[in-house]
Amino acid sequence: MGVEAHATNERATGRTWTVRLDPVGRGRADVRVSCSRPACAAQVLPSAAVGRTAAVEHLKAHLRAGPAPRPAAYCACRAEECHTHIRPAGPRERPAPWRCGGAVVLAVVTDREGRWWRVMECCSRCAAAHPTAKIAATAPAPDRTAPADAFRAAAAPVSAVPAVGPHFSHTASGAPVPAVGPHFSHTASGAAAPHEVPAPRAERPPRSPRPARQRARRGRIAQRFVPHELRPVALRDELTELGELFRAYQQRAEPDLAMLADLHARKAKAFRAWAEATADTGLRLDAERAEQAAATARLQHLHRSGQAPEGDGPAVTRLLTASAQWNHARAVLTHVADHSPLPGPEARLLVVMLTLRTAQSGVGNLVGQDLKGLPLPDPEQLVGQLVECGWLDIAGTVDELIASRPESPTRIGVPSLTPDESDPGPFTFGRKMRPKLSGWAQRVVGEKKLRKAKTAADARLLALALATGVSLDGHLGPEGEGLALEALASWCAVAPGELLELVDRLTATDWLTEIAVTDTVLTGRLTERVLPLSCPLP
């Protein structure tokens, strides 16, 4: 008779969370108190002393409200492969990992400076190994006697048999016959049973090796760890899988914007469900950002694949492909309109091109052909005026700049665009974005028909303004509502009465069509020929 007593080996991993005290910024006295529990929002407090008191009270509130340590919990230190418990090796021994043991406790570990406090559900041995650990609660010892008693009762024989000494059985004649080993009952006739060897038991099939218990995966996505206790389990698995897919996408040799859009859409849906499960506002904001990223990646994919945003026709293959690039182009033109050091359209056009050459770091290279290619009647005089007013710095003289060639460019600098510790500069785009914007402006200003018609600087400034003020289908203004005449005249540095002549020039060079002018608004659209140079409005 056998007993099947299979106990489960699954144990919940010990809980752990951290309360931190961090400075808000360099040179500031206020501090931030944050907790790794998903439902806890960060607090900003005026001083380190107040923040430390709030952090300790926050930790005590968790300990009072939280459940007691679980007797069967898996030690948190062992689950995280903590290296604090490695015994130092002697000259003839190898380092041995710490062995867990003892009751499960809730231990509070802190650093000596009082910057963080960590609560762990771990074994008492691991807690004792931490020099700063304090025991907040101890789990009751598990009841291990019942299963053992039940097993011994099932394995015991039905009748009491002496465990020591030989056992004797009598034959029919009454003569004692020693019998060592198993005791066999008498036959029906009363004669002694022959000493027959019992038939061997059927051989049991070999047991398959028990699979090793795998530790549950701890997912990570968007710099967040997915809690193992997060429910439903399907949401936890989805977040873990998404984190792995995003990391795999980063290793791709070529981007796939359609795949990236789908990943961001799945992330938005999962983060929204995570926020509802934990009431975390930060997760809800991350879900909204993921939705925006999905829409942007999907729009970029449509543009690069030659499809319309609605998928019902061919789209425009633009020189600048992303909405962020379009916004940066408008930011540069707005900055130049507000900070142009000299009056007149020629000076305004030159300042635009020089700003795009030096926008990211405040310095750049320039050759004489860059200036000669612009519609400027006297570029030497304009460059000299910019140097005299302090807006521009050049290495050498103006004549040397005009005579410089691509193999020996002239170094130029714009002090107002040079970032420092107190002022990062007016623009937020990076080093790789600057040449894209500069190349786009050169393509617009030096467009073939504008160059052949020998249009002046004011007409080319208007072309820049119109290229950044259209809808996706090329109509002027947001939703095709048109552009204000006063704003266009101010940007082109001309009088409002001169703007209609510039519109006629662009119409003659096949830039504009379907033009309609009122007292205040210019409506129409860019021609299909120049749509690739446009930067649509959001």
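Owing to the predicted nature of the structure, the values given are computational and were not obtained by experimental measurement.

Scoring rules and cut-offs
- Residues numbered from 1 in each chain as written.
- Predicted model: local features only at pLDDT ≥ 70, side-chain atom pairs only at ≥ 80, totals over all residues.
- Heavy atoms only, no water.
- Salt bridge = Lys/Arg side-chain N within 4 Å of Asp/Glu carboxyl O.
- Helix = DSSP H or I, 4+ residues; strand = E, 2+ residues; numbered from the N terminus.
- Buried < 20%, exposed > 50% of the residue type's maximum accessible area, 1.4 Å probe, protein only.
- Pairing = 2+ DSSP bridges.
- Contact = heavy atoms within 4.5 Å.
- Axes fitted to C-alpha atoms, helices over the stretch in contact; angles between N-to-C directions.
- Lys, Arg positive; Asp, Glu negative; His and termini not counted.
- Polar contact = N/O pair within 3.5 Å; in protein donor to acceptor, adjacent residues only side chain to side chain.

## Description of the pattern of salt bridges
Going through the model one piece at a time under the given rule, you end up with 20 salt bridges. In this structure, the salt-bridge partner of E447 is R529, at a minimum N-O distance of 2.3 Å. Of the two residues, E447 sits in the loop between α13 (433-445) and α14 (448-452) while R529 sits in the segment after β16 (521-526), which places them 82 residues apart along the sequence. On the accessibility criterion, E447 (9% relative accessible area) is buried. D510 is the salt-bridge partner of R529, the closest N and O atoms lying 3.3 Å from each other. One end of the pair, R529, is in the segment after β16; the other, D510, is in the loop between α17 (499-508) and β15 (512-517), with 19 residues separating them in the sequence. With relative accessibility at 29%, the residue D510 sits in the partly exposed group. Connected through salt bridges with shared partners, the residues R224, D280, D286 and R289 form a single ionic network.

## Some points on the sheet that holds strand β12 (residues 393-394)
Within the open sheet, the three strands sit side by side as β11-β13-β12. Their pairing is antiparallel. Only two strands of the sheet have a single neighbouring strand rather than two, namely β11 (363-366) and β12. Bridge count between β12 and strand β13 (residues 410-413): two bridges; the pairing is antiparallel. Paired with I394 across the two strands is I412, which belongs to β13. Together, β11 and β13 form the strand contacts of helix α9 (residues 345-358), whose direction differs from that of β11 by roughly 120 degrees.

## A look at the side chain of R318
For R318, the position within the fold is in the loop between α7 (281-304) and α8 (323-339). D473 provides the closest opposite charge to the buried, unpaired R318, separated from it by 7.3 Å. Side-chain polar atoms of R318 contact the backbone oxygen of L472, separated by 2.8 Å. Of the polar contacts made by the side chain of R318, one reaches the side chain of S534; its length is 3.0 Å.

## Digging into the pairing of strand β4 (residues 104-110)
Buried residues dominate β4, accounting for six of its seven residues. Bridge count between β4 and strand β5 (residues 116-123): seven bridges; the pairing is antiparallel. Considered in β5, the bridge of A107 is made with M120. Here β4 folds back onto β5 in antiparallel fashion, the turn holding five residues, of which G114 has a positive phi close to 70 degrees. Where β4 lies against strand β6 (residues 134-138), four bridges are found, and the strand directions are antiparallel. Directly across from A107, in β6, lies its bridge partner I135.

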